[in-house]
Amino acid sequence: MTQNLMGLNTAQVKDRMAAGEKNTAPEKLTKSIKQIIIENTFTLFNLINLFLGFLVFLTGSYKNMLFLFVAVMNTSIGIFQEIRAKRQVDKMALLSQSKVKVIRNGQETEIEPDQIVLDDLIVLQLGDQVPVDGLVKATKELEIDESQITGESDVIVKKDGQTLISGSFVVSGHAIMQATKVGSATFVNSLTEKVSKTAKKNSVLLNLINKIIRILTVIIIPLGLLLFVSRLFHGVSLNHAILGTVAAMIGMIPEGLVLLSSVTLAISAYHLARKRVLVRDLASIETLARVDTLCLDKTGTITNGKLKFKELVLADDAKQADAAAILGSLVHEVNDTNETADAIKAAFSQHPYQAQEIVPFSSARKWSGVKLSQGNFVLGAPQFVLQLTDAQKQQVHDFAAAGNRVLALVSATDISREGLQNTKLMAYILITDVIREDAPSTLHYFADQGVTVKVISGDDPTTVAAIAKRTGIKNADRLVDMTTVADDADYHKLVAQTTVFGRVKPEQKERLVKAMQDNGHTVAMTGDGVNDILALRQSNCGIAMASGNESTKSIADFVLIDSNFSALINVLNEGRRVINNIDTIAALYLIKTMFSIMLSLIFIFIAKSYPFQPIQLTPINSLMVGIPSFLLALSPEFHPIRNRFFTGIVEIALPSALCVVLYIMMIGGIGSLLSFNVTTTDTLNVLLTGLIGWQALILVSRPFNRYKLMIITFSISAFMLLFICFGKFFYLTNLFTWQVGGIGLLLILTINPVFIVIQKIVNHFYQKRLG
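Values in this document were obtained by computation on a predicted structure and should not be read as measured data.

Rules of the game
Residues numbered from 1 in each chain as written. Predicted model: local features only at pLDDT ≥ 70, side-chain atom pairs only at ≥ 80, totals over all residues. Heavy atoms only, no water. Phe/Tyr/Trp six-rings, centres within 6.5 Å; stacked < 30°, edge-to-face > 60°. Helix = DSSP H or I, 4+ residues; strand = E, 2+ residues; numbered from the N terminus. Lys NZ or Arg CZ within 6 Å of the ring centre and 35° of its normal. Buried < 20%, exposed > 50% of the residue type's maximum accessible area, 1.4 Å probe, protein only. Contact = heavy atoms within 4.5 Å. pLDDT = per-residue confidence, 0-100. Core = buried A, V, L, I, M, F, W, Y, C linked by side-chain atoms within 4.5 Å.

## Remarks on the packing of aromatic side chains
Thinking step 1. The tally for this structure, following the rule as stated, stands at ten aromatic pairs.
Thinking step 2. Between Phe309 and Phe348, the aromatic rings sit 5.0 Å apart at their centres with planes inclined by 80 degrees, giving edge-to-face as the arrangement. With a gap of 39 residues between them, Phe309 in strand 10 (residues 303-314) and Phe348 in the loop between helix 12 (339-347) and strand 11 (357-362) connect regions that are remote in the sequence.
Thinking step 3. Taken together, the aromatic side chains of Phe595, Phe603, Tyr610 and Phe612 make up a single cluster linked through ring pairs.
Thinking step 4. The ring of Tyr731 has Lys63 sitting right over it, with the charged end atom 4.3 Å from the ring centre.
Thinking step 5. Cation over ring: Arg511 sits above Tyr491, and NZ or CZ is 3.8 Å from the ring centre.

Take a look at the structure:
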């Protein structure tokens with residue numbers, strides 16, 4: 001067939017490349033290194049920090065610029081982790097791409113899909129997907145399945161000169177096509193572009209954090225200006241006014257919380273890539289962790305896509321040896337390469353008879369046949385090769401109900417492409433799907449985690465339900481044949497009452513997913529075909545197999561590189577780890593933000609210097625919040641999501657912040673009463689604030705384990721060591737004096753009781769407001 005078809009030569013390919021007449025490369029899953037650096041460096045908070053650093057520089061107190069070093073380190077860590085994750089994800093993206101066979105310079109060669117140019121000759125074989133739009137140049141028995149495009153299940157025979165649509169599949173024969181449309185002009189790419197214009201999936205946690213950031217952005221600058229002006233108005237020196245204002249504004253910025261969120265998601269993407277799961281959208285790691293309904297196709301998820309022969313059920317007058325010899329000869333002579341044919345070939349290796357004439361399998365006919373010297377024989381779906389009696393219909397139904405695919409071997413007086421005459425049953429062939437070894441345990445795991453599993457398949461619902469039942473899917477006997485469901489049916493009621501949906505048309509998939517969402521569920525869906533694109537887009541979280549269609553993979557949130565369904569457990573756990581840890585850790589960052597805002601508001605009206613210098617917040621930020629929070633964020637918290645973000649604020653962050661403000665005011669009063677110098681009061685302020693932060697660290701670390709206890713121990717040890725060894729550097733006095741040691745110890749002993757009282761008061765007002 002390839003004779004006289006030389007294809008484009010190298011020069012012609014280069015000309016078309018230069019003219020832009022080439023297919024489009026898949027959209028990059030990750031940002032460029034330049035983008036990562038720019039987005040992590042030029043943030044609003046970094047710009048505020050830079051401006052504040054400039055103000056501190058003008059005062060000549062260069063040590064107080066240490067917060068800039070911390071900001072640079074935070075930014076560097078974020079950039080490093082994102083680039084590391086990017087490189088691992090990019091490697092996985094390369095593995096997920098399929099190659100295309102083309103004819104160039106008279107030779108067949110494999111290229112990446114984005115290297116196809118206009119007028120390229122593309123070789124299509126059984127099972128291939130048409131990569132671009134084009135025309136058939138030469139064909140042999142080419143039959144195309146466009147159901148993933150049109151939704152119609154009829155197979156179309158293609159002749160020379162007829163058009164081929166990208167996204168369709170070759171179900172019989174082979175051909176050479178000429179590319180007539182490439183890039184965005186192709187049908188599939190235009191559909192993908194349409195889908196990509198829809199709104200990006202939302203992340204509950206990231207949206208919440210971004211909302212807090214937006215509010216703080218409005219507060220920080222005006223409040224800082226007010227504090228600065230008030231310091232000057234109350235007679236505080238310019239340098240002290242600048243340092244106090246800078247310390248307040250640094251405290252208000254929860255930049256570590258933003259960094260922590262992005263870095264932990266990037267680390268999760270890195271971990272998943274190493275487990276051969278490609279993450280296309282970082283926020284979807286969180287989304288999948290919140291999913292309560294999982295929609296699966298049978299093939300590729302519950303089963304591995306392979307089939308095996310189970311049993312030959314003979315008709316009353318048929319003999320085993322005869323049926324086996326004829327069946328073996330038929331499948332080997334027709335020589336189809338689909339999974340059903342391969343399973344039968346493996347079971348019936350003997351093929352003693354040669355075919356005089358062959359009618360190849362067609363999805364439209366649902367059968368294939370041969371003319372042997374012993375007669376005419378056909379293998380196909382029972383309802384297409386026999387006039388079934390009521391008894392035979394019941395028998396076929398019972399086979400299917402047991403989870404079998406049923407084929408019939410029949411004899412006929414005549415066979416042709418137009419039809420069969422006078423068929424008679426010889427035997428039923430029972431074929432079963434090979435269930436993935438890890439499918440039952442994976443599905444059981446999801447069920448234990450409160451995730452409802454639905455099966456949406458194009459296969460017979462009875463067969464699908466039987467397989468679903470074998471794998472332990474709950475309520476697998478609640479099934480429906482979607483060909484019997486009217487267009488105006490109540491889908492919301494249907495999805496609530498049904499577990500297995502069979503013979504589902506492409507346009508019905510999106511409606512089923514949307515109905516589940518309308519019923520209040522967060523839905524994840526697996527898919528591998530063009531017909532899944534809209535449903536994947538509609539779902540809260542789309543999951544594609546690497547063996548699937550390129551366009552489907554391009555809009556999915558996750559691609560399973562080994563098409564291994566059990567890998568979703570890793571995604572679920574990573575999502576839960578991120579959410580559960582940030583939910584609790586966020587309280588640590590918000591303590592500093594809250595007490596800084598409260599103190600700023602108070603000190604606007606007080607003729608005293610702000611109680612901290614910028615450098616004195618560094619030990620608190622680093623040792624009680626920053627370092628411990630990053631270490632805690634890596635702990636394996638895989639339990640179901642508890643949504644403790646607001647609970648952490650009410651029970652830990654707000655009471656702790658109020659404690660800090662109370663003790664700062666108490667220390668200020670005691671200092672005035674006992675004539676403490678500024679260094680002594682500053683030391684007590686840092687000590688008490690740090691220990692209140694340490695108490696909060698203990699609270700967010702529950703339940704304890706060895707890893708968390710090590711973090712808690714390191715935090716307090718490093719904090720106290722800093723006082724002893726580096727106190728002067730941070731403008732702190734000796735701990736072992738009666739002012740700091742004695743009064744400080746008395747105040748420290750009251751921290752926990754005072755915190756409990758304030759916590760109860762806060763909870764009382766919170767519950768009263770809710771009530």
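Read on for the rest.
## With respect to unusual backbone geometry
Thinking step 1. Of note, the bond from Arg702 into Pro703 is cis; its omega dihedral lies within 30 degrees of zero at -10 degrees.
Thinking step 2. Counting through the fold element by element, Pro703 comes out in the loop between helix 24 (678-700) and helix 25 (706-726).
Thinking step 3. Of note in this structure, Asn105 is not a glycine but carries a positive phi near 55 degrees.
Thinking step 4. Relative to the helices and strands, Asn105 resides in the loop between strand 1 (100-104) and strand 2 (107-111).

## Notes on the environment of Val740
Thinking step 1. Of note, Val740 is situated in helix 26 (residues 738-770).
Thinking step 2. Overall, Val740 belongs to the buried group, its relative accessible area being 2%.
Thinking step 3. Residues within four places of Val740 in sequence aside, it is in contact with Thr680, Thr683, Leu684, Thr733, Asn734, Leu735 and Leu745.

## As for the confidence of the model for the protein
Thinking step 1. Averaged over all residues, the pLDDT of the protein equals 85, while 92% of them reach at least 70.
Thinking step 2. The least confident element of the protein, judged by mean pLDDT, is helix 5 (residues 147-150) at 55; the most confident is helix 17 (residues 491-497) at 95.
Thinking step 3. Below pLDDT 50 for its whole length, residues 196-200 participates in two contacts with residues either more than four positions away or in separate chains.

## Focus: the nonpolar core
Thinking step 1. Grouped together as the largest cluster of nonpolar side chains are 127 residues, with contacts concentrated most on Leu288, Phe558, Phe612 and Phe645.
Thinking step 2. In this structure, Phe645 is in contact with Leu205, Leu208, Ile209, Ile212, Asp583, Ala586 and Leu590, ignoring residues within four places of it in sequence.
Thinking step 3. Leu312, Ile326, Ala343 and Leu409 belong to the second largest nonpolar core, which has 22 residues in total.

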